Amino acid sequence: MKAIRRFTVRPVLPDTLRPLADLAHNLRWSWHEPTRALFASLAPASPTGADPVRVLGALEAPRLAALAADQEFLARLRAAAEDLDRYLHAPRWYQGRPGDAPAAVAYFSPEFGVAAALPQYSGGLGILAGDHLKSASDLGVPLIGVGLLYRHGYFRQSLGRDGWQQEQYPVLDPDELPVSLLREADGAPARITLALPGGRSLHAHLWIARVGRVPLLMLDSDVEENAPGERNVTDRLYGGGSEHRLLQEMLLGIGGVRAVRTYTRLTGHPAPEVFHTNEGHAGFLGLERVRELQGEGLDFDSALQTVRAGTVFTTHTPVPAGIDRFDRSLVARHLGEDGALPGVDLGRILALGDETPLGGEPGVFNMAAMGLRLAQRANGVSTLHGAVSRSMFAGLWPGFDADEVPITSITNGVHAPTWVAPEAARIGPDTSDRALWELRRTLRERLVADVRDRLRASWRQRGAADAELGWTETVLDPDVLTIGFARRVPSYKRLTLMLRDKDRLRSLLLHPERPVQLVVAGKAHPADDGGKRLVQELVRFADDPRVRHRIVFLPDYGMEMARGLYPGCDVWLNNPLRPLEACGTSGMKAALNGCLNLSVLDGWWDEWFEPDFGWAIPTADGAAAADEDRRDDLEAAALYELVERRVAPRFYDRGPDGVPGGWTAMVRRTLADLGPKVLADRMVREYVEKLYVPAAAARRALTPDRARDLAAWKARVREAWPAVAVDHVEIGDDLAEADAELGATPVVRVRVALGGLESGDVEVQAVTGRVDADDTLTATRTVTLKPAGGPDLEGRLPYAGTLELDRTGSFGCTVRVLPAHPLLAHPAELGLAALPEGTTGEGAGVLLR
C-alpha cells in the first residue's frame, strides 16, 4: 500500500537539548568537525550520521531522556552552542574593513552545493556557489544567497547490468531538510507571486537554509495555490523543456528579487546594495529591479543605469553552447503586459537579449548577452577563462580588441574546511617525511575501504548476488599509486581519453613493479545519451575481470563521496579539451589534501602550474588539433607517457626508510605554496575588493537625478557618435623615416570632429604597441592626448601628446576617440570608438548601456 499523504513527526526536545535543533539547522556543521562529531555520537551506527536533521528525527524518547541526563554530553553541547553563537556574532574580516563596503550583497545561483544533506546541486557551478557562501560566512561578508528549492533535486545515478546510466529522482521533503519556512508576522507562509500569460499565476514559498552567517533563500513552487503545471516549476534541477526552464529562470531572477525584498522586510536584514548573478540563469533579476525603479519614478533608461551600476555578472562557460537561449516569442509572451513585468517596455527587454552582435540568430534571446548588458562589472573564473570570455563576447563591444573587452577574471577557489580531511589539515612544516607518508597511506586505505563498500552496493543495484561479489574484497590496494578522476560527463571533459589505447592502459594498471589504480566517478546529464555512452564504455572496461581490481567506476558522485575521494588519491587527473574548462576546482580540492595534479593546462592549472605541484599534459595544436581523432590519440599518448615515465617512478622511488622523498617534497610544496592560492577565502576577498565595493560605490553615486543625467548623456553621445571622426593624424619628425631610435619621444597631433559633442564628452588616445605582419597592435599602451587649441575652420579640435618609445622591435601607433564620463566603469562600456578612416569596426553603437 502507498501513503496518500506524507508528514514528518518531529521529536520534542527537552529544554537542555534544544540547542541541538539550532546546531542541526545551521549548515555550519557541514564544515565544522566538532559539531559533526557531536551528532555522530548521537547515533554512531546510523546511516544518516552525516545529516544532523535526520539524526534528530530518528531519536526516540528514551534516548532523548538519557542524553538530557548525560552531563558530559550536555557540556559538549553547551560548548558547541556557544562556539556557534560566537561564530555568528563576533566581528570578522569584513567588519574590519573600511566603511565603503556594501551593507549587503545578494548572490543568485540556480544551484547551491552546500552539503550532501541539501542536494540542490549538479556539479561545479553549484559546489562553487556553496563554497562562495561558506567563505563569505567565515569572512563575515553580509551575503544573501538566492536559489530554488528543487523537490527532486538533481538525479541519483545508478548503473544497469550493461553499464548504462539510470536516473532516479527521490522526493525531497523540506521538513526533513535543514531548512525553515519564512513566515509573515501573522504566521502565514510568506509568498512570492509572478503573473503568467492567460491570467495564470506562479506562487512560491520561501525556505531558508542557514549557511553559517549567510541566509540562503530558496523559492519553492510546490504550493497548493498553484495549478499542476506551475506547481512543478521547481521539480527538478535543469529538467524540463524550454518553457519549463524559462519559468524556472523567471522565478529565480524576478521572484528572487521579490524574495529578497520580503526577507529584508520581515527580518530587518540590510537591503542589498549589490546583486551578483552567478551565470546567466538568474539574469532576469535585473529586469525586476528596472520594474521596481520605474515604480519609483525613473524612466527605463535611467533605471537601467542604476541597475547596471550595482550588478556583478560572473560567466562560467567558455563555449556558446553552454549559454541558456530562448525563443524571443516565448520570452515576449511571458514578460509582456500579460506576463511578469507589466509596464516594462517589451522591446527594450528583447533588445537586451539580442545575440546578433555575437554572430547569433535574430529570433533568439540570449541570457548571457542580457546578463552582460545588465551588469557594469563582469568576470570569468580563471585568467585563461577571462581571456576566452573576452574573445567570445567581444561582439558586444564593437570597435575594441578582445583584450580590451571589460570582462575581468577572479579565479575560483574552494572552501578548505569543507574539503580537507582533518588529518591533512594538521600537516605542517614540522611534520616528518615518514609521518607525512604514513598519513597519505592512511587516507588511501580509508578510500580503498569506502570504494569497496560503494562498489558492492553498486553491483547489488545492477542485479548481482552477494555470492558473486567476493572479488570486491580485493579491489584496489592501499599501497598502489592511486589516480582519481571525478566530474560531470560532458564530451569536452573526455572521461574516456584514458581508454584511447586500452592495451597500454592495462599495462599501466598491471605493471609488475609500478602498478597504477584508478578511481573514476561522474554523472552524464539525463538527456545526454552521448555522455551516457562514455560512462558505459568506462564501466565496461572496469568490469573486465583482468583489471577490475585496478580500476573502478563509482556511480552517484556527490559531495559525500568527494570528501573521501580527494584526500585518498595520490594524483588528480583532468584532461579536458583546452580551453573549454573554465576553472576546474576539483583539482584544487585534491591539492589541499596533498594530492598532486596531472592535468591539461586549462582553467586554474594553466595559471598556477609549477613542476613541484604536479605534471602538465601536453596538448596538440596546429593541424593535429583540427583532427579530433589525431588530437585525442596524441594527448592520450602523452598522458600514458607521463604516468609511465615520470609519475609512477617518482611515487615508487623509495629511500632506505621506505619513503619516496621526491614525492613527499612535491606534496609539501603543493600544500605550502599552492594551497593558499586555491582557497575560496582568497576568492571572496577578491570579489569584495575588486567588484562588490566598486559596484556599491557606483550604485550610491547614482541618485535618481544623476541616473537621469547619465542616461541622457549616453543617449546624446550615441546620437552624435556617427559624426565623431579622426580626420588628421601627424606623428613627429622622429618618426619621419621607417625607423626610430629607442628612447625617442615623438609628438602625436590629431584633429578630431566631435559631431556636436563637447571635448569633455570624449577622451582622445594614442594607442601604441608591437605590430605583427598584418599591422595588428599587441601589448598596447595608451597615452591620453590633450586639447591643443581652438577649432579650425571646419570645427575640428586639435589634440596632442607625447609617446615614449621604450621598447625595441616592430612598433605601431593609432589614434582613437572614446566616450568619457566619470560614472563609466570602463572606457569600452558603451562599445563606441572612433578610429582613423578604414579601421573603424562595423556595428559600433549597438550596445544598450
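Right above here is the structure, for reference.
On a predicted model such as this, the values are computed, not experimentally measured, just so you know.

A. Here's a closer look at the overall build of the protein chain. Check the secondary structure of the protein chain and you find 27 helices and 26 strands. Taken against the 2.2 N^0.38 rule, which gives 29 Å for 849 residues, the C-alpha radius of gyration of the protein chain at 29 Å falls within 12% of a compact globule. On the principal axes, the C-alpha backbone points of the protein chain span a range of 95 × 70 × 50 Å. Across the 849 residues in the protein chain, those meeting the buried criterion constitute 56%. Long-range contacts, defined as pairs at least 24 residues apart, comprise 73% of the intrachain contacts of the protein chain with a sequence gap of at least 6. Split by element, the accessible area of the protein chain, about 33800 Å² in all, is 50% carbon and sulfur. Across the protein chain, the 97 positively charged side chains and the 114 negatively charged ones have centroids separated by 5 Å.

B. Layout of the nonpolar core. Residues Leu-481, Leu-598, Trp-615 and Trp-663 are the most contacted members of the largest nonpolar core, which totals 95 residues. In this view, Trp-615 contacts Val-571, Leu-596, Asn-597, Leu-598, Ser-599, Trp-605, Phe-609, Leu-642, Arg-646, Val-647, Trp-663 and Met-666; residues no more than four positions away in its chain are not counted. Core analysis: the next-biggest nonpolar cluster, separate from the first, contains 59 residues, Ile-144, Leu-182, Ala-190 and Phe-365 among them.

C. Layout of the packing of aromatic side chains. Within this structure, the stated rule accounts for 17 aromatic pairs. Between Phe-651 and Trp-663 the ring centres are 5.2 Å apart and the planes differ by 90 degrees, which places this aromatic pair in the edge-to-face class. Residue Phe-651 is located in helix α24 (residues 628-652), and its partner Trp-663 is located in helix α25 (residues 661-674); the two are separated by 12 residues in the primary sequence. Comparing Phe-651 with Trp-663, the two get one shared label, buried. Across the ring face of Trp-471, the terminal group of Arg-548 is positioned such that the distance to the ring centre comes to 4.0 Å.

D. Molecular detail of the side chain of Glu-288. Relative to the helices and strands, Glu-288 is located in helix α9 (residues 285-295). Looking at Glu-288, the relative accessible area reads 0%, which means it is buried. A polar contact is formed between the side chain of Glu-288 and the side chain of Arg-291, at a distance of 2.7 Å. Excluding its chain neighbours within four sequence positions, the residues that come into contact with Glu-288 are Ile-254, Val-257, Arg-258 and Leu-341.

Calculation notes
Residues numbered from 1 in each chain as written. Predicted model: local features only at pLDDT ≥ 70, side-chain atom pairs only at ≥ 80, totals over all residues. Heavy atoms only, no water. Helix = DSSP H or I, 4+ residues; strand = E, 2+ residues; numbered from the N terminus. Rg over C-alpha atoms; globule rule 2.2 N^0.38 Å. Buried < 20%, exposed > 50% of the residue type's maximum accessible area, 1.4 Å probe, protein only. Contact = heavy atoms within 4.5 Å. Areas by Shrake-Rupley, 256 points an atom, 1.4 Å probe, with all protein chains shown as cover. Lys, Arg positive; Asp, Glu negative; His and termini not counted. Charge placed at Lys NZ, Arg CZ, Asp CG, Glu CD. Core = buried A, V, L, I, M, F, W, Y, C linked by side-chain atoms within 4.5 Å. Phe/Tyr/Trp six-rings, centres within 6.5 Å; stacked < 30°, edge-to-face > 60°. Lys NZ or Arg CZ within 6 Å of the ring centre and 35° of its normal. Polar contact = N/O pair within 3.5 Å; in protein donor to acceptor, adjacent residues only side chain to side chain.

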